[in-house]
Amino acid sequence: IAQLQDLTEKKGNLFQIPPYFAYIAKSFSVLEGIGLSNDEQYSIINECLPYVSKRLLTDQSERTGGALSTFIFGPEKNNIDTRLVDYDRVEQLISGFSDYSTSAAGANLGLDKPRAVLVEELSDQILDLLASEEETPLQTIFIEQLAKIISSTSRSLWTDLRERS
């Protein structure tokens, strides 16, 4: 902290929080307080997850792609050789996307669809995201992980084949 204070004294105030950020933080805290007064288990973050999931999976900007990588890989996102997918986070992301898609489409209003139908509809939406004509951060991550799986599997098969011969 002392180094940061020295840097601030030498270079001026480098770390400024935009004024709108304070308003957003205050709004979130008020909404969280209202929610907690009605339900002790309420979490504004959990309520926002469906929208955030949709943005992470569909937005094509580099900034959102970085956020998607952080969400999927965690702190190791920049080390392409060793980073591993956190499948719990991926499941959370897909579940949030599903919740957003069904609520935005009104798909659950008055309809009791079997789980298999809902899973199939969600799968179609995810495949549409992966197969879009424009390159997206989701496609890049998916292709990278698919290449790792194919490489690892072929390496394993080749090793087994050499051992048997």
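**Re helix 6 (residues 115–130)**
Okay, step 1: Between its terminal C-alpha atoms helix 6 stretches 22 Å, which fits the 22 Å expected from 16 residues at 1.5 Å a residue.
Okay, step 2: Looking only at helix 6, the buried set comprises Leu122, Ile126 and Leu129. Axial view of helix 6: buried residues confined to an arc of 50°, hence all on one face. In helix 6, the exposed positions angled more than 90 degrees off the buried face are occupied by Ala116, Glu120, Leu127 and Asp128.

**Digging into helix 7 (residues 137–164)**
Okay, step 1: Taking 1.5 Å as the rise per residue, helix 7 with 28 residues should run 40 Å; its terminal C-alpha atoms sit 41 Å apart, in good agreement.
Okay, step 2: Taken as a whole, helix 7 has its buried residues at Pro137, Leu138, Gln139, Ile141, Glu144 and Gln145.
Okay, step 3: Buried residues belonging to helix 7 abut helix 3 (44–58), helix 4 (62–73) and helix 6.

**Concerning the environment of Arg89**
Okay, step 1: If you trace the backbone, Arg89 turns up in helix 5 (residues 87–105).
Okay, step 2: Spatially, the C-alpha atoms of Arg89 and Ile72 are 6.0 Å apart, while their sequence positions differ by 17 residues.
Okay, step 3: Residue contacts for Arg89: discarding those within four places in its chain leaves Thr70, Phe71 and Gly74.

Each value, and the rule that gives it
Residues numbered from 1 in each chain as written. Predicted model: local features only at pLDDT ≥ 70, side-chain atom pairs only at ≥ 80, totals over all residues. Heavy atoms only, no water. Helix = DSSP H or I, 4+ residues; strand = E, 2+ residues; numbered from the N terminus. Expected span 1.5 Å × (residues − 1). Buried < 20%, exposed > 50% of the residue type's maximum accessible area, 1.4 Å probe, protein only. Arc of directions from axis to C-beta. Contact = heavy atoms within 4.5 Å.

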